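A structural walkthrough
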Amino acid sequence: MGFGVLALGLYTVNAIYGDTITMPCRLEVPDGLMFGKWKYEMPNGSPVFIAFRSSTKKNVQYDDVPDYKNRLSLSENYTLSIRNARISDEKRFVCMLVTEDDVSEEPTIVKVFKQPSQPEILHQADFLETEKLKMLGECIARDSYPEGNITWYKNGRILQPVEEVVVINLQKTVDKSTGLFTMTSSLQYMPTKEDANAKFTCSVTYLGPSGQKTIQSDPVVFDVHYPTEKVTIRVLSQSSTIKEGDNVTLECSGNGNPPPQEFLFYIPGETEGIRSSDTYVMADVRRNATGEYKCSLIDKSMMDATTITVHYLDLQLTPSGEVTKQIGEALPVSCTISSSRNATVLWIKDNTRMQTSPSFSSLQYQDAGNYICETTLQEVEGLKKRKTLKLIVEGKPQIKMTKKTNTNKMSKTIVCHVEGFPKPAVQWTVTGSGSIINKTEETKYVNGKFSSKIVIAPEENVTLTCTAENQLERTVTSLNVSAISIPEYDEPEDRNDDNSEKVNDQAKLIVGIVVGLLLVALVAGVVYWLYVKKSKTASKHVDKDLGNIEENKKLEENNHKSET
């Protein structure tokens, strides 16, 4: 359907291609009208009549014009409609009203418009290359009328022609059968690296019934190829540190597009590079793999380097394994660590953490057990070592017997205190008769010590024998026990160890010496005091003593007889 506008004094109907063109006659119907006719003018000005309507008979006739066959319709008010508008309908049409004495004419100009299809970018390049002018593609907009214009854009900005960088060529063709235009614009483009993700579009600008309009194409992104300018080597590892036994993968990459597929890897100590893909794998690395690694392109240009440190941890426990020593012996123990960085050392005895390292100047039974020296490398995941020392402390059986009268005065408890490892077997016998006492009680065997106890009520004095025996030796000790009716001094069952007894004996000895010295000093003082007093008494009676010499002699003689 068309709509009319008045331009330059001429009435114009703008129609859309394929729609119906409607042209009112725009003349007042005069009195005495005989008929109305429509014609169009050829380019040379000659008329071609196409429709006729009689005002009296009310009949309509359409002229035999091939271009308008079955397309015309003339209404009672002499409005002419042309179905399925074509480009060839752009003509000057004239409405004629005829009376007996007059002919009135009113021209109408028809303009036909066709919106082009959405432009497409066809024949796209597979990829673009830096430093090379290459055909990017063609933007095509089809079936436009009148002809349109094509513009190229990159990231929404218009691409202006630049010699040897942006070259644009626009071509327009017309379909002779339809009169519609097809516009084709080719773009040659020299990209940079920054164009890797650039969006290229094109648009067609065309004239419509209401003015100028634009249609955009869908965006297209091109793969931009550019050479490698830098290579990078890095270590692919599941953890941030590498330890002995790990598998290490080196990766070399170039920043070109497409990226290089092969590289040369340089291993410490090797002068020639090893040709490989972009990865190089080293399995079960050792500490000697520590060093600088490099990679380069195949032509040995553009090199990069990285340093790898393979962490290690060695532990040497001396002695280790199962060790058997005798009680009282010395046993030096050392746990030596060699590592790539600071390591922590932990000692464990029988599943309990020790506060200090073990040191044995004189082994005791309680020193026996399972020792573990464990070390961990700080900040290196999974690097831990441990070694075990199973220490066995052996000793010949040692016996100490004690006796104690029970509170009821009806029995006595005899105890045989035993030390030794392996655990000695204990047997009680009665000396003389040789009978074995089986009714015994034993305490728990702890740190090489335990005791065996019997309870007896002897009617007469007896001698009991305690025998302790292990794989090292057989030890026998006897103890005299008085009859239950005979009082005796019992020995205490609970005793301190030998060292405590020695300390107590030394203390008693020191106290005895001090007390003895004090007594000696006291006696000496008393004797001296008596001597002084006697001397004074003698001087007072000297004359008296001299006068009685004879008497004294007789007294001495009597004393002598008495002593005899």
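Nothing here was measured: the structure is a model prediction, and the numbers come from that model.

**Details of the overall build of the chain**
A count of helices and strands for the chain gives three helices and 44 strands. For the chain, buried positions account for 36% of its 564 residues. In the chain, the proportion of contacts linking residues at least 24 apart, taken out of those at least 6 apart, comes to 59%. Carbon and sulfur atoms make up 50% of the accessible area of the chain, which totals about 34,500 Å².

**Some words on the pairing of strand 2 (residues 10–16)**
Of all the seven residues making up strand 2, five are buried; the element is thus mostly covered by neighbouring parts of the structure. Here strand 2 pairs with strand 10 (residues 103–113) via six bridges, running parallel. Directly across from Thr 12, in strand 10, lies its bridge partner Ile 109.

**Brief notes about the sheet that holds strand 29 (residues 303–308)**
The four strands lie next to each other as 26-25-28-29, forming an open sheet whose pairing is antiparallel. Because the sheet does not close on itself, it has two edges, and the strands there are strand 26 (274–276) and strand 29. Neighbour to neighbour, the strand axes of the sheet diverge by 25° on average, direction disregarded. Across six bridges, the pairing between strand 28 (residues 291–296) and strand 29 is antiparallel. In the strand pairing of strand 29, Glu 292 is matched with Thr 307.

**Things to note about the environment of Gly 395**
Looking at where Gly 395 falls in the secondary structure, it is placed in strand 37 (residues 384–405). Among the residues examined, Gly 395 registers a relative accessible area of 0% and is labelled buried. Between the alpha carbons of Gly 395 and Pro 422 there is a distance of 7.3 Å; along the sequence they are 27 residues apart. With residues near it in sequence (within four places) discarded, Gly 395 still touches Gln 326, Ile 327, Tyr 365, Gly 420, Phe 421, Asn 470 and Leu 472.

**A few points about the side chain of Ser 203**
Among the secondary structure elements, Ser 203 is positioned in strand 18 (residues 199–208). Contacts of Ser 203, omitting those with residues within four sequence positions, involve Pro 119, Asn 149, Ile 150, Thr 151, Tyr 153, Thr 214, Ile 215 and Gln 216.

**Focus: the sheet that holds strand 17 (residues 181–189)**
Sheet strands line up and pair through hydrogen bonds in the backbone, either parallel or antiparallel. One open sheet holds the four strands; their spatial order is 11-13-17-16, and the pairing between them is antiparallel. Each having just a single partner strand, strand 11 (120–122) and strand 16 (166–174) make up the two edges of the open sheet. Averaged over neighbouring strand pairs, the angle between their axes works out to 25° when direction is ignored. In terms of strand pairing, strand 11 meets strand 13 (residues 134–144) through three bridges, oriented antiparallel. Counterpart to Leu 122 in the pairing with strand 13 is Glu 138.

So, how was this worked out
- Residues numbered from 1 in each chain as written.
- Predicted model: local features only at pLDDT ≥ 70, side-chain atom pairs only at ≥ 80, totals over all residues.
- Heavy atoms only, no water.
- Helix = DSSP H or I, 4+ residues; strand = E, 2+ residues; numbered from the N terminus.
- Buried < 20%, exposed > 50% of the residue type's maximum accessible area, 1.4 Å probe, protein only.
- Contact = heavy atoms within 4.5 Å.
- Areas by Shrake-Rupley, 256 points an atom, 1.4 Å probe, with all protein chains shown as cover.
- Pairing = 2+ DSSP bridges.
- Axes fitted to C-alpha atoms, helices over the stretch in contact; angles between N-to-C directions.

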